[in-house]
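Structural overview
If you want the building blocks of each chain, they are given just below.
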Amino acid sequence: MEYLPCKIVLDILSRLPVTSLLQFKLVCKAWHNLAQDPLLVSMHFYHAPENDPCLIIHCDHPSRNQLYSLELSDPENDQRVNKLCVPMFPEFDIKGSCKGLLCLCDSSTRDSLYAYNPFTRNYVELPKSIDETLYDLSLVFGFGFNQKTKEYKVVKVVYWRIRTRYPLQSEVQVFTLGKPSWRSLAKYLTILMLKGHHRFLSMEDFIGLLGHEGGCLAGVLHQNYGQLEIWVMKEYDVKESWIKEFNIAIHVPRGLEHADRNSAEPFRDSKFYRKSSFVRVLGLLKNGEVLLEYKCRALVTYDQKDGTFKDLTFPGMPYWFEAVVHEGSFNWIDTLTG
């Protein structure tokens, strides 16, 4: 490597998965310094969408707040989960992942939010939003990136009833990383009419950047017994452009077929054990296969070309977990937020 021009070396390294760069840093002091080069960090951030993302695996057994990473971009090499060092956060849930950052929420109080890079361990606590004392308060979060303004944004939808007999109301709040405070977009009177054949996509079912054609807004419609339909908006903000891209049949992974109550007993305190959703769509891989998570227990890919499923197993995989698709980055948060 010492005979190659520096720009060539940086270009090669910028195309590696972030976990490979973590190992690269440990070889010697010179390589450690090279991995810290700001040009390499920015080049790696630019090339990240070219590869399959990594998965961040969140588990809470035998101890709380455990995070692991798993690379999906190089299936020919040995793939295993790697434990990540986590700062002293309170008990948290992962509310979203976008361009190198995770959005974490204090799961006990729900009033503390953090932007966190799991590979640099760099994080910031976001200002607290102002919520009134409300009845039946429930929250839905979203985390994204505005390509035009180059800003990270956290979206919080607050649902409540002022009195138990009144209809459900909601408020949309937005926080931009680097700004001092939240802003409220609007308050709405939400009336849910679930009659006849009408179906509604919940906000938790929406996943961004699913599409392989530049990134399209997509929604997942859950049918009976774990069947799924994935609808994609081919042209943003044009409702006529919604098409059904995938129709995923019933599948029970091997890990669930052979599970019994005795093997699950030690994990009953895990919050993932109590998750009600049978199957979640994690994202779309570069080969066109859909990545699925079943009952917080198994990872599966679905190939629409022949309608086949493939159960994925990796050394060191936790027994009960929640997976999040993530673009690994060495960028520090103050760099990303300007």
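Predicted, not measured: the structure shown is a model, and the values here were computed from it.

Across the interface, helix H1 (residues 6-13) lies against helix H4 (residues 38-47) with an axial gap of 9 Å and an inter-helix angle of 40°. Taken together, the axis directions place H1 and H4 in an arrangement best described as oblique. In terms of crossing hand, the pair formed by H1 and H4 is right-handed. For the pair H1 and H4, contact is made by Leu10, Asp11 and Leu13 and by Leu39, Leu40, Met43, His44 and His47, respectively. For the contact of H1 with H4, the residue count by class is 5 nonpolar, 2 polar and 1 charged.

With respect to the helices and strands, Val300 occurs in strand E18 (residues 298-303). Val300 sits 47 residues away from Pro253 along the chain, and the two C-alpha atoms are 7.5 Å apart. What Val300 contacts, discounting residues up to four positions off in sequence, is His251, Pro253, Val290, Leu291, Leu292, Tyr294, Phe309, Lys310 and Asp311.

Bringing the confidence of the model for the protein chain into the picture now. With 81% of its residues at a pLDDT of 70 or more, the protein chain shows a mean pLDDT of 81. Here residues 191-200 is modelled with pLDDT under 50, and outside its nearest four sequence neighbours on either side it reaches 4 contacts, counting other chains as well. Note that residues 202-214 has pLDDT below 50 and, in this model, 30 contacts with residues that lie over four places away or in other chains.

With that settled, the discussion passes to H4. Along H4, the positions that sit buried rather than exposed are Leu40, Val41, Met43, His44 and His47. Put simply, Asp37 is the residue that caps the front of H4, since its side-chain oxygen is 2.8 Å from the backbone nitrogen of Leu39.

As judged from the 6 bridges shared by strand E4 (residues 92-98) and strand E5 (residues 101-106), these two strands associate in the antiparallel manner. Bridging across to E5, Asp93 finds its partner in Cys105. Here E4 hands over to E5 after 2 residues, with Lys99 in that stretch at a positive phi of 45°.

Next up on the list: the sheet that holds strand E19 (residues 308-312). Read from one edge to the other, the open sheet built from 4 strands follows the order E16-E17-E18-E19, with strand pairing classed as antiparallel. Looking at which strands have only one partner, the edges of the open sheet turn out to be strand E16 (279-284) and E19. Strand-to-strand twist across the sheet, computed as the mean angle between neighbouring axes with direction ignored, equals 30°.

Calculation notes
- Every chain is numbered independently, its residues counted from 1 as its sequence is written.
- Predicted model: local features are reported for residues with pLDDT of at least 70 only, side-chain atom pairs are reported and counted for 80 or more only, and whole-chain, interface and lining totals are derived from all residues.
- Think of the side-chain values as coming from all heavy atoms in the structure, minus any hydrogens and water.
- To get an axis, a line is fitted to the C-alpha atoms, and for a helix only the part in contact is used. The angle between two axes follows their N-to-C directions and goes from 0 to 180 degrees.
- Every helix listed is a DSSP run of H or I at least four residues long, and every strand listed is a run of E at least two residues long, numbered separately from the N terminus.
- Here the angle decides the label: under 35 degrees means roughly parallel, over 145 means roughly antiparallel, 65 to 115 means roughly perpendicular, and every other value means oblique.
- With the far helix as reference, a near helix turned anticlockwise by less than a right angle produces a left-handed crossing, and one turned clockwise produces a right-handed crossing.
- Between two residues, a contact is recorded if the distance between any of their heavy atoms is within 4.5 Å.
- Classes in brief: Ala, Val, Leu, Ile, Met, Phe, Trp, Tyr, Cys and Pro nonpolar; Asp, Glu, Lys and Arg charged; the others, Gly included, polar.
- Summary of the metric used: pLDDT quantifies the predictor's per-residue confidence within the range 0 to 100.
- In this scheme, a residue with accessible area under 20% of its type's maximum is buried, one over 50% is exposed, and one in between is partly exposed, where area comes from a 1.4 Å probe on protein chains only.
- Polar contacts here mean pairs of N or O atoms no more than 3.5 Å apart (in protein, one a potential hydrogen donor and the other a potential acceptor; neighbouring residues in sequence count only if both atoms are side-chain atoms).
- Note on pairing: DSSP must find at least two bridges between two strands before they are called paired.

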